[in-house]
Amino acid sequence: MNIFPDEVIEQIFGYVTSQRDRNALSLVCKNWHKLERCSRKSVLIGNCYSISPERVIERFPELKSLTLKGKPHFADFNLVPHGWGGFVYPWIEALAKTKVDLEKLKLKRMVVTDEGLELLARSFMNFKSLVLLSCEGFTTTGLAAIAANCRFLRELDLQENEVDDHKGQWLSCFPDCCTSLVSLNFACLKGEINLGALERLVARSPNLKSLRLNHTVPLSALQRILMQAPQLVDLGIGSFIHDPHSEVYTRLKNTIIKCKSMTSLSGFFEVLPGCLRAIYPVCMNLTALNLSYAAGIHCRELIKLIRRCGKLQRLWIMDCIGDYGLGVVASTCKDLQELRVFPSVLIGLNGPAGVSEKGLVAISMGCTKLHSLLYFCQQMTNAALITVAKNCPNCIRFRLCILDPTKPDPDTLQPLDEGFGAIVQSCKQLRRLSLSGQLTDRVFLYIGVYAEQLEMLSIAFAGQSDKGMMYVLNGCKKLRKLEIRDSPFGDPALLTDMGKYETMRSLWMSSCDVTIGACKALAEKMRRLNVEIFNENEKVDCSVDGGQKVQKMYLYRTLAGRRNDAPEHVWIL
Amino acid sequence: MAKEDLGLEITELRLGLPDTEHVSVANKNGEKKNKRVFSEIDGVGDENSSSGGGDRKMESKNQVVGWPPVCSYRKKNSVNEASKMYVKVSMDGAPFLRKMDLGLHKGYSDLAFALEKLFGCYGMVEALKNAENSEHVPIYEDKDGDWMLVGDVPWEMFMESCKRLRIMKRADAKGFGLQPKGSLKGFIESVGK
């Protein structure tokens, strides 16, 4: 392998960007391993507890961009007790200490503190991008530190975080010399911001392409901002309430017409339906539309809007659009690739009851390019799933959530095994699957046999016996994440193939039939797994009888050994 | 003796989670049976649920944590501003009042937890189940201006008629002019006299 000098090989490696490909390169030979690791700029650590920060830094000294994920996915649904973990501070500390030239940090489901943000802001001279997804633990004080100290900041992207808003002047902390902003997203903040400071910031940021406002930014301010930034590509509207006959509104309409580059729209946290006309001019260019938080837009207006969006590739909406509305989507949005339909039942809307299998079938017939789906619905039938499977063989992500989690096919009263079986058989590239509805072990047999590319599987209230889980563990060779709740899988399934878990990132099982004894046995045998057990906020009794069932178990492969930051009610075996 | 008429079914021991709605449903023979039905969210009768491993989970579906699987951020933020139902909440002894959005809560036990958090007073959940024995009593003023004991009427009816809330000290409650529906102890005492 010494045909080319190292510099040339490194150059070639530069064209290889995907982490998986680079991992493959590093396994070829020792020299390639060394060359690869010394030139790797971007690293993703899918589980922050799988390895220590020191080891990551040691291996990749040229690290510029780090992505970390903390809590397991089911933390989103309040299934992980408060204080479980996922603290980013040790990582920031380690990076600062070894003087890594960090430029980008992206965190998902982690606990971030103001101290961490302050340390981050002070330690990395070339820091450019901070992306926080579903994180918690910090306040606007931490954001102020980032704004004030990161002189070359290009991106501050806050998505769906729980931020304590001190209603301070964090936005005013961007110094006048900061003109490098490309992306600013503070939609998840609850408090008021200094509108003047925002407008001045936008005015001095000629490269600003993405701006997402929170609900406190009124329509009048939006108009002034858009005047300064007609080049925006992605806009998140905060409040969209104004008298449609007012001068302010007319000015907004005229300003929006000038935003010729706009292709992505979101927000509308507060909206007066009559105001939507103002955005009609940009609809025909939109490739992404997220109205999943726009509770104020009713079905009719939603449909009127969508009829104008012929180029949509990504659409996130609420189920008040109804089956008829989805039919409109199907006939209008021929380029649609990703669709997410969220339940409006959460907000107690008493309207037509959501969506059903009919809407999904319509979508599958009209939107042949669909590859990602998240669909909350009232009911589903096997026939519909079989049709969808036939129409969308290129589906990569298929997540179906029937609001009644064990509801059978309402037409035949049969379980939905055959329907999902058709999905996994037809969608040969399927990487992610979420099941719901009445399901027996049979569906897992299908998954095990056909879902060859499956990497993530979410199971709830499904199956009849250990066989179900065993089919999956045995069959899905590429499985990385398995999360199960409220299903009758127990010790035999858990212990059937212990080595399998070292090939996966993690396994979650809650309200199943797994016992403490089995978890102990697993932890004992597999030293490179951390097996964590927790019950709801009670300190776990270590002396308890091994036959007792475990409420929640989360296990993951790790090279870092036991972690020492777990709270009292989390027991690491 | 027709026990049912006395409204004594609330004395029945039953296994079930707090706040599960018990609705009297007449079966084929016209007999009324108290049947546990699912909330509107599920919209499904018992017939569809008695199969597979789902059985034992069914009863607790009303209170199932984390279902539907929508992330908590989205749950908190998908509320239409217009549909918020803010009411004033006062607690005896507290220097200032608070405001609370009834629309955010799914039922009485949810409300009780929220009240406990708001004022740092424990025992709200107990108070709702057993007003006789707790230190504080939650009451509310309804549309007619009457002060009612919280927990008597169905949740939706309560949400619509509640104008303000008050957490009162039990000691002060006697003689306040409450209008409890089916106040058990009082009834039994009066029957016994």
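Residues numbered from 1 in each chain as written. Chains lettered and ligands numbered in written order. Predicted model: local features only at pLDDT ≥ 70, side-chain atom pairs only at ≥ 80, totals over all residues. Heavy atoms only, no water.

The subject of this paragraph is the pattern of salt bridges. Taken as a whole and judged by the stated rule, the model has 24 salt bridges over all chains. Across the pair A:E103 and A:K128 runs a salt bridge whose closest N-O atoms are separated by 3.7 Å. Of the two residues, A:E103 sits in the loop between helix 5 (89-97) and strand 3 (104-108) while A:K128 sits in the loop between helix 6 (114-123) and strand 4 (129-133), which places them 25 residues apart along the sequence. What makes A:K128 buried here is its relative accessible area of 18%. Residue A:E160 pairs with B:R74 through a salt bridge whose shortest N-O separation is 3.7 Å. Of this pair, A:E160 sits in the loop between strand 6 (155-159) and strand 7 (162-164) while B:R74 sits in helix 2 (residues 72-77), each in a different chain. (Salt bridge = Lys/Arg side-chain N within 4 Å of Asp/Glu carboxyl O. Helix = DSSP H or I, 4+ residues; strand = E, 2+ residues; numbered from the N terminus. Buried < 20%, exposed > 50% of the residue type's maximum accessible area, 1.4 Å probe, protein only.)

This paragraph deals with helix 3 (residues 108-119) of chain B. Residue and element names in this part refer to chain B. With 12 residues, helix 3 extends 17 Å from end C-alpha to end C-alpha; this agrees with the ideal 16 Å at 1.5 Å per step. Here the buried face of helix 3 lies against strand 3 (86-91), strand 4 (98-101), helix 4 (124-129), helix 5 (155-161) and strand 7 (164-169). Within two residues after helix 3, G120 carries a phi angle of roughly 65°, on the positive side. (Expected span 1.5 Å × (residues − 1). Contact = heavy atoms within 4.5 Å.)

The subject of this paragraph is the sheet that holds strand 4 of chain B. All names here are of chain B. Judged by pairing direction, the sheet is mixed, and its 5 strands sit side by side in the order 4-3-7-5-6 without closing on themselves. The open sheet is flanked by strand 4 and strand 6 (147-149), the only strands paired with a single partner. Here the strands of the sheet are splayed against their neighbours by 35° on average, with no regard to which way each runs. Here 4 bridges tie strand 3 to strand 4, and the two strands are oriented antiparallel to one another. The residue of strand 4 that forms the bridge with V89 is R98. Along the sheet, helix 3 makes contact with strand 3, strand 4 and strand 7, crossing strand 4 at roughly 155°. (Pairing = 2+ DSSP bridges. Axes fitted to C-alpha atoms, helices over the stretch in contact; angles between N-to-C directions.)

Mapped onto the present numbering, the UniProt feature "domain: F-box" (unreviewed entry) falls at residues 4-45 of chain A. For the annotated span residues 4-45 of chain A, helix accounts for 60% and strand for 10% of the residues, and the straight-line distance between the end C-alpha atoms is 31 Å. (UniProt positions renumbered as here; feature names shortened; annotations may be inferred.)

So, about unusual backbone geometry. The omega torsion of the bond from B:W67 to B:P68 falls at -5°, within 30 degrees of zero and hence cis. Residue position: B:P68 is located in the loop between helix 1 (55-58) and helix 2. Here the phi dihedral of A:F461 falls at roughly 50°; this positive angle occurs in a residue that is not glycine. With respect to the helices and strands, A:F461 occurs in the loop between strand 18 (456-460) and helix 18 (466-475).

Here we take up the packing of helix 1 (residues 6-13) of chain A against helix 3 (residues 30-39) of chain A. Packed helix pairs are specified by the crossing angle of their axes together with the interaxial distance, meaning the distance between the axes. Residues and elements named next belong to chain A. Relative orientation of the contacting elements helix 1 and helix 3 amounts to 60°, with a least axis distance of 10 Å. Classified by the interaxial angle, the pair formed by helix 1 and helix 3 is oblique. Seen from above, helix 1 lies across helix 3 with right-handed handedness. Note on element contacts: helix 3 touches helix 1 through N31, W32, K34, L35, E36 and S39, opposite D6, I9, E10 and F13. Of the residues that constitute the contact of helix 1 with helix 3, the class distribution is 4 nonpolar, 2 polar and 4 charged. (Parallel < 35°, antiparallel > 145°, perpendicular 65-115°, else oblique. Left-handed = near helix turned anticlockwise from the far one by under 90°. Nonpolar A, V, L, I, M, F, W, Y, C, P; charged D, E, K, R; others polar.)

A cluster of nonpolar side chains, A:I3, A:F4, A:V8 and A:I12, forms an exposed patch at the surface whose accessible area comes to about 400 Å². Relative to the helices and strands, A:I3 resides in the segment before helix 1. (Patch = residues over 30% accessible without salt bridge, like charges linked within 9 Å, V, L, I, M, F, W, Y side chains within 5 Å. Areas by Shrake-Rupley, 256 points an atom, 1.4 Å probe, with all protein chains shown as cover.)

The tally for this structure, following the rule as stated, stands at 22 aromatic pairs over all chains. On the numbers, 5.6 Å between centres and 85° between planes, the contact of A:F461 with B:W67 is edge-to-face. Highlighted residues: A:F461 in the loop between strand 18 and helix 18 and B:W67 in the loop between helix 1 and helix 2, drawn from two different chains. For the pair A:F461 and B:W67, a shared accessibility class is recorded, and that class is buried. Ring centres of B:W155 and B:F158 lie 5.3 Å apart, and the angle between their planes is 40°; this geometry places the pair in the tilted category. With B:W155 and B:F158 both in helix 5 and 3 residues apart, the pair spans about one turn of that helix. For the residue pair B:W155 and B:F158, the accessibility class agrees, reading buried in each case. (Phe/Tyr/Trp six-rings, centres within 6.5 Å; stacked < 30°, edge-to-face > 60°.)

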